[in-house]
Amino acid sequence: MRHDHLITSKQLSRGNIENILDHAAEIDDDPSTVADRHAETLLGLLFFEPSTRTKMSFETAMKRLGGDVVDMGPVDSSSVKKGETLADTVRVIEGYADALVVRHPKQGAATMASEFVDVPLLNAGDGAGHHPTQTMLDLYTIRENAGLDDLTIGIMGDLKYGRTVHSLAYALTNFDTRQHFISPESLQLPREVVYDLHQQQEGAGIREHDSLEEILPSLDVLYVTRIQRERFPDENEYQKIAGEYQIDADTLEAASDDLTVMHPLPRVDEIAPEIDETDHAAYFEQAHNGVPVRMALLDLLLSDDKGIWGDGDE
């Protein structure tokens, strides 16, 4: 795989990640240092699924770097509706843009698309596969609030289909972390992901639970994801499970005062609004961090003298 495509967090070493996060911190501290650095650069947005935060933060990031975007627009109003293949679509948009951002409902679509283009391509989510740019902003948020070493993190909710969870879990194996996965049995991490995590981190501190209660007091970070109602054929079964995986003020009475609560958003009812005003809540900060982190990624990918891999390549 070319090193100017970002398809999965599994591509990145600890050094690579720190290179990205350090650059994002510099930009976050003083965005003027990169303003107009990429004037006349165009970023192509190809979103085959709905998106708010990812799409808008990429657009904001490119414009704050001095560039602009060309947007394929809704699938229903594009040539995809006429039967155009993904390979043809990316090859066409490559002729209009200096880099591409692709979100697609099929796992593996970003990898396939990257094989047909010569400009940098960033995976903005491929089905239940990976979402590496979300992972980078997640790691940035975690580092700002709790650090990335000697870290105990709980990841709760839909772990089977959650691409943000898969990407984050892989990336965390580069650090001294203990990962606790909390979900109903029907939504556990795929077995191949669990196997890969153990392979990537020797002696990995990976544990699975069906309840948050027993491990909550030990957590530094709690990463909550939406349980997807549409996966359940029986509405009663969904309601039973969803009710067990909600966070409110009473839930957090047993938590450390320093616990950081995160969520990739959108949320439904997994986190009660009463948590928003507490010191635990970091999910809106997390969404804000999408801009400096994606600015850093785009700057590194589009600068001949930089590159994501930089001095951190291993």
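Residues numbered from 1 in each chain as written. Predicted model: local features only at pLDDT ≥ 70, side-chain atom pairs only at ≥ 80, totals over all residues. Heavy atoms only, no water.

**Student:** Sorry, what's going on with the layout of surface pockets here?
**Tutor:** The gaps left among the atoms become clear once a water-sized probe is rolled over them. One number sums up the size of the largest pocket: a volume of about 780 Å³. Surrounding the largest pocket, 31 residues form its lining, R103, R163, R226, L265 and P266 being those nearest its centre. Where the lining of the largest pocket is concerned, the elements lending two or more residues are α2 (53–64), α5 (132–146), α6 (163–172), α9 (283–288) and α10 (290–302). Counting residues per element, the lining of the largest pocket draws most heavily on α9, which supplies three residues. Among the residues making up the lining of the largest pocket, the classes are represented as nine nonpolar, 13 polar and nine charged. (1 Å grid on protein atoms, 1.4 Å probe; cavity = no way out; pocket = protein on both sides within 12 Å on 5 of 7 lines; lining within 4 Å. Points joined across faces, edges and corners; volume = space filled by probe spheres on them. Helix = DSSP H or I, 4+ residues; strand = E, 2+ residues; numbered from the N terminus. Nonpolar A, V, L, I, M, F, W, Y, C, P; charged D, E, K, R; others polar.)

**Student:** Explain the sheet that holds strand β6 (residues 177–182) to me, please; I cannot follow it from the model alone.
**Tutor:** In any sheet, the strands associate via hydrogen bonds between backbone groups, in a parallel or an antiparallel arrangement. The sheet built from five strands is open, its strands ordered β7-β6-β5-β8-β9 with parallel pairing. Looking at strand neighbours, the two that pair on one side only are β7 (205–209) and β9 (260–262), the edges of this open sheet. Direction aside, the axes of adjacent strands within the sheet are offset by 15° on average. As paired strands, strand β5 (residues 151–156) and β6 are joined by six bridges and run parallel to one another. Residue pairing across strands places I155 opposite F181, the latter belonging to β6. (Pairing = 2+ DSSP bridges. Axes fitted to C-alpha atoms, helices over the stretch in contact; angles between N-to-C directions.)

**Student:** Explain the pattern of salt bridges to me, please; I cannot follow it from the model alone.
**Tutor:** Once the charged atoms of two side chains with opposite charge are near each other, the side chains can pair. A complete count under the given rule lists twelve salt bridges for this structure. Measuring nitrogen to oxygen at the nearest pair gives 3.1 Å for the salt bridge that ties R178 to D150. A residue pair is termed long-range when its members are at least 10 positions apart, and R178 in strand β6 and D150 in the loop between α5 and β5 qualify at 28 residues. The class for R178 is partly exposed, based on a relative accessible area of 30%. It is possible to trace a salt-bridge network through shared partners that takes in R14, E18 and D149. (Salt bridge = Lys/Arg side-chain N within 4 Å of Asp/Glu carboxyl O. Buried < 20%, exposed > 50% of the residue type's maximum accessible area, 1.4 Å probe, protein only.)

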